Amino acid sequence: MTTTVTAPHRLWRNARYLTWLVSDTSKGLAATLFAFAIPLLALVVTDDPAQAGIIGGAGMVARLILTLAGGILADRHRRIVLMLIGSLIGILLAGAFTLLALADALAFGTLLAANVLLAARSGLFDVAGESAIKEIVPDDAMGRAQAANQGRDAALQLAGGPLGGLLLGVGGWLVGAVMTLCHAVAAVTAWMLQREARRAGITDTGAEADADAEPPSGEHPNSDGRIAAGLAADPADGLGLPPDTASDAGARGKTSAWAELREGFAWLFSRPDLGGVLLIITIINLGFNAAITTVMYALQQAGYSELLIGSLGAGVGAVMLVGAIVAPMLVPRIRTGVLAIAGLSGGAIGSILLSTVTEPWAIVVVLGASVLLLPALNAGMMGYFMVATPTQLLGRANSAAGVLGMGALPLAPLIAGFGLTWIGREWTILVCAALCIVAVALALGNRALRALPVEARWAEHAKQYENA
């Protein structure tokens, strides 16, 4: 009897993953720069934390609402094509923002409109990019891919703060110009990703067709070692489904968008290993992000420069980069449930300590310690989610999880803005810390979260819930 040992998938030899990573990173840098610039520009223009909070909250609401539509689009149409369309729209919007800044036309109304439109673009098209990775990376490498993505995010935060502060010091127009360039790079690499698939002979048959013949977990490579790409396609869009799948997909395409959206939510809530975690994520996201926003607003109001505030973000990003380097070693060896609870606890403790420090260097130390395990937590939870979710539901499930996980996030800038106005910095941060403590308590009491295993057992663990 012979035993066949399958060599582990090597991400850095997967050309399609590397191309996807460049495209997603370019788009991410544009988002990082704008997320850094918009609250500071709002504070400079309005000199009112409450109005700045309204601008930030409105953008988050727009993104959350349109993320639901983005999930449906990602399951109906070709995901890489959607990545390309989203980047092209990003070029137009970032270019328009640049012109407004050059014309000295940035005011409360224009900043509100710019933030809402760019956030809406993210909601509609970012889900497609996030979902496309399932057809590019096999299940047994998904945890490492997510850990690499976390390292990328940490690097963006490391560079985004100082770069954003430097650009903003010259003017808002320069932030817009660099954003335009980033979206252009994202568009070119998305086009290259589609071209690479065609050259490799990978058929883009759509998520629906993929569901009819989806291989077992971790068995995505074709006979020649390539990764099969069953990217989402709508038979009505004229992009050429094979005849044997077009009729089935066409029948499903007649389902209303509302019914498809409900299907994504229903599936998510039917899974004890996924649905129960979402409330915890919602609460911790609100508490921790509101605390950080409060700190940033307070520093700006105290007269600190944009460059210094950006440097604080770079310090935190450096710690997250260290955490992301360690994450690929932790995810395969430590149970995901343990990593999740440890990461949540670090955030809660950090939020409490944050209320006691006001010096910039002390804020960096506290925040850095708080986020050290965050890359491993995210890599584990996001990797397991990708493995557990069927391809044909991934867009809608992704958007549903995003909306539920970040549903309260628009309140973060409002809590920070009105909290600073009404009760001051210390008490606002303590309110945020209380939310984080509640999230940790719920996590400790969640059996499904505690039971999440190491990366190698994700597919096996997820299967027990398929027919539950």
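What counts, and where the lines are drawn
Residues numbered from 1 in each chain as written. Predicted model: local features only at pLDDT ≥ 70, side-chain atom pairs only at ≥ 80, totals over all residues. Heavy atoms only, no water. Core = buried A, V, L, I, M, F, W, Y, C linked by side-chain atoms within 4.5 Å. Buried < 20%, exposed > 50% of the residue type's maximum accessible area, 1.4 Å probe, protein only. Helix = DSSP H or I, 4+ residues; strand = E, 2+ residues; numbered from the N terminus. Contact = heavy atoms within 4.5 Å. Polar contact = N/O pair within 3.5 Å; in protein donor to acceptor, adjacent residues only side chain to side chain. Axes fitted to C-alpha atoms, helices over the stretch in contact; angles between N-to-C directions. Parallel < 35°, antiparallel > 145°, perpendicular 65-115°, else oblique. Left-handed = near helix turned anticlockwise from the far one by under 90°. Nonpolar A, V, L, I, M, F, W, Y, C, P; charged D, E, K, R; others polar. Phe/Tyr/Trp six-rings, centres within 6.5 Å; stacked < 30°, edge-to-face > 60°. Patch = residues over 30% accessible without salt bridge, like charges linked within 9 Å, V, L, I, M, F, W, Y side chains within 5 Å. Areas by Shrake-Rupley, 256 points an atom, 1.4 Å probe, with all protein chains shown as cover. Salt bridge = Lys/Arg side-chain N within 4 Å of Asp/Glu carboxyl O. Expected span 1.5 Å × (residues − 1).

Caption draft 1: Examining the nonpolar core more closely. Residues Tyr17, Trp20, Val137 and Leu354 are the most contacted members of the largest nonpolar core, which totals 112 residues. Top contributing element to this core by residue count: helix H10 (residues 275-301), with 14 residues. Residues contacting tyrosine 17, with those up to four places away along its chain left out, are Leu11, Trp12, Ile133, Ile136, Val137, Ala145, Ala148 and Asn149. Counting residues in hydrophobic clusters, the runner-up holds 5 residues, among them Ala74, Leu82, Val127 and Ala128.

Caption draft 2: How the structure looks around the side chain of asparagine 149. Take asparagine 149: it is sitting in helix H5 (residues 142-170). For asparagine 149, a relative accessible area of 5% translates into the label buried. Of the polar contacts made by the side chain of asparagine 149, one reaches the side chain of tyrosine 17; its length is 3.1 Å. Setting aside residues no more than four positions away along its own chain, asparagine 149 makes contact with Tyr17, Trp20, Leu21 and Ile133.

Caption draft 3: Expanded view of the packing of H10 against helix H12 (residues 336-354). Packing of H10 against H12 brings their axes to within 10 Å, and their N-to-C directions diverge by 30 degrees. The orientation of H10 relative to H12 falls into the category roughly parallel. Helix-helix and strand crossings are classified by hand; for H10 and H12 the assignment is left-handed. Of the residues in H12, those touching H10 at Ile280, Ile284, Phe288, Ala291 and Val295 are Leu344, Gly347, Ser351 and Leu354. Here the contact of H10 with H12 is built from residues that sort into 7 nonpolar, 2 polar and no charged.

Caption draft 4: Expanded view of the packing of aromatic side chains. Going through the model one piece at a time under the given rule, you end up with 4 aromatic pairs. Aromatic side chains phenylalanine 34 and phenylalanine 97 sit 5.4 Å apart centroid to centroid with 90 degrees between the ring planes, which places their arrangement in the edge-to-face category. Separated by 63 residues along the polypeptide, phenylalanine 34 in helix H1 (residues 15-46) and phenylalanine 97 in helix H3 (residues 79-102) bring together distant segments of the chain. Phenylalanine 34 gets classed as buried once you look at its relative accessible area, which sits at 6%. With a relative accessible area of 2%, phenylalanine 97 lands in the buried category. With a centroid separation of 5.2 Å and 45 degrees between ring planes, the pair formed by phenylalanine 418 and tryptophan 422 is classed as tilted. Taken together, the residues phenylalanine 418 and tryptophan 422, both in helix H16 (residues 411-422) and 4 residues apart, mark about one turn of the helix.

Caption draft 5: Local environment of a nonpolar patch on the surface. Together, Val322, Ile325, Val326, Met329, Leu372 and Leu373 make up an exposed nonpolar region whose accessible area comes to about 490 Å². Tracing the backbone shows valine 322 in helix H11 (residues 306-330).

Caption draft 6: Seen up close, the packing of helix H2 (residues 49-76) against helix H9 (residues 257-270). Packing of H2 against H9 brings their axes to within 10 Å, and their N-to-C directions diverge by 95 degrees. Relative to H9, the element H2 lies roughly perpendicular. Here Leu68, Ile72 and Arg76 of H2 lie close against H9, whose contacting residues are Ala257, Glu260, Leu261 and Phe265. Partitioning the contact of H2 with H9 into residue classes produces 5 nonpolar, no polar and 2 charged.

Caption draft 7: Just H16, in detail. The end-to-end C-alpha distance of H16, which contains 12 residues, comes to 15 Å, matching closely the 16 Å that a straight helix rising 1.5 Å per residue would cover. Every buried residue belonging to H16 is among Ala412, Pro413, Ala416, Gly417, Gly419 and Leu420, and all of these are buried. Next to the buried residues of H16 lie H2, H10 and helix H17 (424-444). Two residues or fewer after H16 comes glycine 424, characterised by a positive phi angle close to 90 degrees.

Caption draft 8: Quick peek at the side chain of serine 399. Mapping serine 399 onto the fold places it in helix H15 (residues 394-405). With a relative accessible area of 0%, serine 399 lands in the buried category. For serine 399, the residues in contact, after removing those within four places along its chain, are Thr67, Leu68, Gly71 and Val127.

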